[in-house]
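# A structural walkthrough
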Amino acid sequence: MEKFIGDSLYRYTVVPWKAVYIFLETNHTATRYYTREGKEKARVSTNFFAAIKQGADNRDYYETYRTYKSGETKLVKNWYNYGIDYVRKPDKRDYYYNPGRCDKMGNWTYAEDIYANKKGIVRELYYYDTPGYDPEEDAEINQRIATLVKEVKAQDNPFSLTSLPSTVFAFCVRLLFFFGLFILFMLVFRRQSLYLWFDVKATRKITPWGNALYCRTVWYAFIPVLLIFYPTVSYVLGGGTTAVIHNNLILSTVINLGIVGIYCLIFILFRSRRYSARCAVWELLYSATLWVTLWASLLLAFIVLLICLAVLVIAGILSSDGTSSGTEEDAKDNMYVTSWDGECQNLSHISGNYYMDTSGNMYSSGGGMHRLGDLKRFS
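Residues numbered from 1 in each chain as written. Predicted model: local features only at pLDDT ≥ 70, side-chain atom pairs only at ≥ 80, totals over all residues. Heavy atoms only, no water.

## What to know about the sheet that holds strand β13 (residues 354-356)
With respect to topology, five strands assemble into an open sheet ordered β11-β12-β13-β14-β15, the strand pairing being antiparallel. Strand pairing shows two members of the sheet lacking a second neighbour, β11 (335-338) and β15 (370-371), which therefore form its edges. Sheet topology places strand β12 (residues 344-351) next to β13; three bridges connect them, and they run antiparallel. Note that in β13 the partner of His349 across the bridge is Tyr355. (Pairing = 2+ DSSP bridges. Helix = DSSP H or I, 4+ residues; strand = E, 2+ residues; numbered from the N terminus.)

## Focus on the confidence of the model for the protein
Of all residues in the protein, 89% attain a pLDDT of 70 or more, and the chain-wide mean is 84. Of all secondary-structure elements in the protein, the lowest mean pLDDT belongs to helix α7 (residues 326-330), at 41, while strand β4 (residues 40-45) reaches the highest, 95. Low pLDDT (under 50) marks residues 321-332, which in the prediction has six contacts with non-local residues, meaning those over four places away or in another chain. (pLDDT = per-residue confidence, 0-100. Contact = heavy atoms within 4.5 Å.)

## Considerations on unusual backbone geometry
One can expect most non-glycine residues to show negative phi and most peptide bonds to be in trans. Of note in the backbone geometry, Asn58 takes a positive phi value of approximately 55° without being a glycine. Position of Asn58 among the secondary structure elements: in the loop between β5 (48-54) and β6 (59-67). Taking relative accessible area as the criterion, Asn58 reaches 47% and is therefore assigned partly exposed. Despite not being glycine, Thr203 has its phi angle at roughly 65°, a positive value. (Buried < 20%, exposed > 50% of the residue type's maximum accessible area, 1.4 Å probe, protein only.)

## Concerning the environment of Val200
Note that Val200 resides in helix α3 (residues 191-202). Spatially, the C-alpha atom of Val200 lies 9.8 Å from that of Cys279, the residues being 79 residues apart in sequence.

## Re the packing of helix α2 (residues 164-189) against α3
Orientation of α2 relative to α3, taken along the N-to-C sense of each, is 115°, at an axis distance of 5 Å. Accordingly, the angle class assigned to the pair α2 and α3 is roughly perpendicular. Here Ile183, Met186, Leu187 and Phe189 of α2 come into contact with α3, specifically with Arg191, Leu194 and Tyr195. Broken down by class, the residue content of the contact of α2 with α3 amounts to six nonpolar, no polar and one charged. (Axes fitted to C-alpha atoms, helices over the stretch in contact; angles between N-to-C directions. Parallel < 35°, antiparallel > 145°, perpendicular 65-115°, else oblique. Nonpolar A, V, L, I, M, F, W, Y, C, P; charged D, E, K, R; others polar.)

## Focus: the packing of aromatic side chains
Aromatic rings in a pair are described by how distant their centres are and how their planes are angled relative to each other. Following the criterion strictly, the structure yields 26 aromatic pairs and no others. With 5.9 Å between their ring centres and 65° between their planes, Trp17 and Tyr33 make a pair best called edge-to-face. In this pair, Trp17 sits in the loop between β1 (2-5) and β2 (18-23) while Tyr33 sits in strand β3 (residues 28-34), placing the two residues 16 residues apart along the sequence. Under the relative-accessibility criterion, Trp17 is labelled buried at 0%. Geometrically, the ring pair formed by Phe222 and Trp291 is tilted, given 5.0 Å between the ring centres and 55° between the ring planes. (Phe/Tyr/Trp six-rings, centres within 6.5 Å; stacked < 30°, edge-to-face > 60°.)

## Details of the pattern of salt bridges
This model, assessed by the stated rule, comprises 16 salt bridges. Here Glu137 makes a salt bridge to Lys18, at a shortest N to O gap of 3.2 Å. With Glu137 in helix α1 (residues 135-156) and Lys18 in strand β2, this residue pair connects regions lying 119 residues apart in the sequence. A residue is classified by how much of its surface remains accessible, and Lys18, at 12% relative accessible area, is buried. Measuring nitrogen to oxygen at the nearest pair gives 2.3 Å for the salt bridge that ties Lys77 to Glu151. Within this pair, whereas Lys77 is found in strand β7 (residues 73-79), its partner Glu151 is found in helix α1, the two being separated by 74 residues in sequence. (Salt bridge = Lys/Arg side-chain N within 4 Å of Asp/Glu carboxyl O.)

## Here's the deal with the pairing of β4
Pairing of β3 with β4, which is carried by four bridges, proceeds in the antiparallel orientation. From the neighbouring strand, Tyr34 faces β4, where its bridge partner is Glu40. Linkage of β3 to β4, two consecutive antiparallel strands, is achieved through a turn of five residues, within which Gly38 is found at a positive phi near 90°. Where β4 and β5 come together, four bridges link them in antiparallel fashion. Of the residues in β5, the one forming a bridge with Arg43 is Ala50. Turn length for the β4-β5 hairpin, with the two strands adjacent in sequence and antiparallel, is two residues, and the turn residue Asn47 shows positive phi of about 55°.

Written as structure tokens, this is what we have:
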């Protein structure tokens, strides 16, 4: 029997066109495709496809179905920041194979971990210009690679027709955020001037007396602001990420904007019976401004908290003396985690209980593995 380390599973004496791996322990099947030059070009498994080292930048692209907390399943297409194998946990187990069961090219076709209840791996290998080679399948894989790369590049281009709505949406959100920070600055340092400006525009006193922070006017635009922000909040709580803005989020926001318009029109009509329509409009604007400021303040506090956590992690790394218990040493391994809704992430250990995925999101294993950004649980 010949022995090899698990990290050598994907090495060959002669590189095939296609290699089908059947893991008997889990009955999972994965396929890898290679070019005639022996370079890997694609990986395929259940609901997953990846194009390897494509384009001038040699990026690894992928498409996979992802189910969110809301129960909605979407096809996600993107590229890996640091490569598909960046945080893959090393497989240091010993595998054994019988050289008598190698194929004509000298590649093994069955191997097993003899110390783990005969957990074996079958390799079905097909080579270029042999009876097992399928030119049509190879052409389909090449076309699928080209399509995936093209679609992801178009998705990354903020001014393409498909990405333009998302670009405009993201720009509006950032504009609101900085506007909220500006109003926060005015409330802290120039509150009297801010209140006076709104009062002059409304032609009457609509701001709090005595430079206070609260008056009844604050609640006039609460429902409109809630309707505008609800789709985004629901999207994030449902497992979505604002790094990839889907069209249904934009559509929901636009629909709610229409409802907000109707609400504001009714408010102005009823309010103008007692005061002027101009006053009603500026009451709505003043109220909406304060709610946007509150949102921007909370978001700023969250960003500062994340920065502080990152600084603490880096400080822990720099001040680490390299001594730790056996349990802590075990916690330093990279890992592959899965959430209850099927989302999977490869994590790279940073320091202590902190990890990072390939997109730069931070995780903590304290009290159970969870993502710091949205507190989503993984196991």
